[in-house]
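# Tertiary structure, described
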Amino acid sequence: MTTTFITGANRSLGYETARRLIDAGHTVLVGARDPERGQAAADELGARFVQIDVTDDGSVAAAAADVAAREGGIDVLINNAGVNEPHIPADQLTATHAGGVLEVNVVGIVRVTHAFLPLLRKSANPVIVNVSSGMGSFAATHDPARVESKPVAPLYTASKAAVTMLTTQYAKAWTDVKVNAADPGYTATDFNGHSGPQTVIEGTDAIVELATIGPDGPTGTFRDRHGAVAW
């Protein structure tokens, strides 16, 4: 049975991804920062909760140790935890704001991946899915026909561009692990005040697809529910 660990899995895309993978037969570990919300989500899903704060070295190390002791290893890591930037004019954004966004969206992925990589390498088919965004695509954000070209979000877009590049570099570095990035698309979630036109099922299509690839599956790709995403 495939064991999957998902960060930020107590709500929205993370929760729906967990639900769908459980339905597909995965053993899912619900990672979340808030113990009360995380445990409630895990109970609803029929999953195991693992407390993890992706911004804290000790928390991430403890989570990896917990999984090592209980499950022994994992097959799939989904780096889903993320934050948006403050909804303020660009000229009011500070280095403190930047640090907060990058610490979760980029450094958090490095921190979690580093801690869980030894557990992944115990799998015959180790897979990492990093939840990126078309908002980090130069092609999408410069195409007037795309919704991604409308918002001005310097920190979030920069962080997601970094996530996609980090993904491809990890894929180059680790030939024994498949590492891909998923673009959920503009989906109605708590993240955007439920303003997106897509459902959470549609928003998790690419994540679930990449989380369920076989040994001959792709690596180093950036995909949404329709296929490859231009950079």
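In this report, the structure presented in the accompanying data block is examined. Treat the numbers as computed from the prediction; the structure is a model and nothing was measured.

Moving on, we come to the sheet that holds strand β7 (residues 222–224). Taken together, eight strands build an open sheet; the order of strands is β3-β2-β1-β4-β5-β6-β7-β8 and the sheet is mixed. The two strands at the open ends of the sheet, each matched to only one other strand, are β3 (48–51) and β8 (227–228). Along the sheet, helix α1 (residues 12–23) makes contact with β1 (3–6), β2 (27–32) and β4 (76–79), crossing β1 at roughly 175 degrees. Along the sheet, helix α2 (residues 35–45) makes contact with β2 and β3, crossing β3 at roughly 160 degrees.

A separate point is the environment of Val 129. Mapped onto the fold, Val 129 is located in strand β5 (residues 127–131). For Val 129, a relative accessible area of 0% corresponds to the buried category. Those residues within four positions of Val 129 in sequence are excluded, and the remaining contacts are Leu 77, Ile 78, Asn 79, Asn 180, Ala 182, Ile 207, Leu 210 and Ala 211.

As a further point, take the side chain of Ser 132. Mapped onto the fold, Ser 132 is located in the loop between β5 and α5 (138–141). For Ser 132, a relative accessible area of 2% translates into the label buried. For Ser 132, the residues in contact, after removing those within four places along its chain, are Lys 160, Val 163, Thr 164, Ala 181, Ala 182, Asp 183, Pro 184 and Phe 222.

Each value, and the rule that gives it
- Residues numbered from 1 in each chain as written.
- Predicted model: local features only at pLDDT ≥ 70, side-chain atom pairs only at ≥ 80, totals over all residues.
- Heavy atoms only, no water.
- Pairing = 2+ DSSP bridges.
- Helix = DSSP H or I, 4+ residues; strand = E, 2+ residues; numbered from the N terminus.
- Contact = heavy atoms within 4.5 Å.
- Axes fitted to C-alpha atoms, helices over the stretch in contact; angles between N-to-C directions.
- Buried < 20%, exposed > 50% of the residue type's maximum accessible area, 1.4 Å probe, protein only.

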